[in-house]
Structures are given as C-alpha cells and as structure tokens.
Amino acid sequence: MPLWFARGLRRGVVTTRYPARPDESAAWLPTPPAFRSRQLTRDVADRMVAVCPATALRRRDDTLIFDVGACTACGRCAAAAPHAVTSSSEFELASTTRSALVKKIPILGDLR
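J.: Help me understand the sheet that holds strand β2 (residues 57-60), please; the structure alone is not making it clear to me.
T.: Strands in a sheet are paired, the pairing made by backbone hydrogen bonds, and the direction either parallel or antiparallel. Spatially, β2-β3-β5 is the arrangement adopted by the three strands of the open sheet, whose pairing is antiparallel. In this open sheet, the two strands that pair with only one neighbour each are β2 and β5 (102-106). The sheet shows a mean angle of 25° between the axes of neighbouring strands, taken without regard to direction. Note that strand β3 (residues 63-67) and β5 share five bridges and pair antiparallel. Bridge pairing in β5 links T63 to P106. With respect to the sheet, helix α2 (residues 42-51) is in contact with β2 and β3, its orientation differing from that of β2 by roughly 145°.

Reading the values: the criteria
- Residues numbered from 1 in each chain as written.
- Predicted model: local features only at pLDDT ≥ 70, side-chain atom pairs only at ≥ 80, totals over all residues.
- Heavy atoms only, no water.
- Pairing = 2+ DSSP bridges.
- Helix = DSSP H or I, 4+ residues; strand = E, 2+ residues; numbered from the N terminus.
- Axes fitted to C-alpha atoms, helices over the stretch in contact; angles between N-to-C directions.
- Contact = heavy atoms within 4.5 Å.

Now the structure itself:
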C-alpha cells in the first residue's frame, strides 16, 4: 500500500490547499484562447472555425461565437491564427448558467 494512501486514511481526506493557495501546477495547464477583435477578419474566423475539433467556434455575420464550455484548449485556433489568438490564462471556468460560457467576439479586422 502506498504511503500517501495510508497517510490519507489516518488523517482523513487530504487535498491541495486550493483556493487559499493556488496550486503551482496550474501555471502549466492549457487554457482556452482569448481573441483579439481588431486582428480578426471573416477569413481568419472561418479558418479557426474549420480547425476547431470541438466545434467551440462558429461565425455568425461579423461575430465570432466562442463556446468556452465546449473548448478543449487544444491550441489549433492559435496555430491557425497566431496574430489573432492568445492564451486567456483562465482555468477557473465554472458557471451557474450555460449561457455565461458562450462569448460573442466582434470581428473588427474587416473594418479597417
């Protein structure tokens, strides 16, 4: 029997100290993307929609619709358009409503 298992049984449930002290491993977690509206064009949005395996992205007219709840943080959208996508660095994504996880990003790159 592993030592950590026996110690957990003796002391009760043992978990990390989160949220009082963030876990250091969180710095290496993949996080959903954040989008730069001014760098987004319809063509760039369509390219990102095409490579998203989770179908978390779709375009409606001049708006990129991003479903954070469906996103797997695979990074394919960032690879397809590195100038328009950055890491959000957000991994705490709990929400009490599903609609709060759907973001509407205006496509402003075509307006120049």
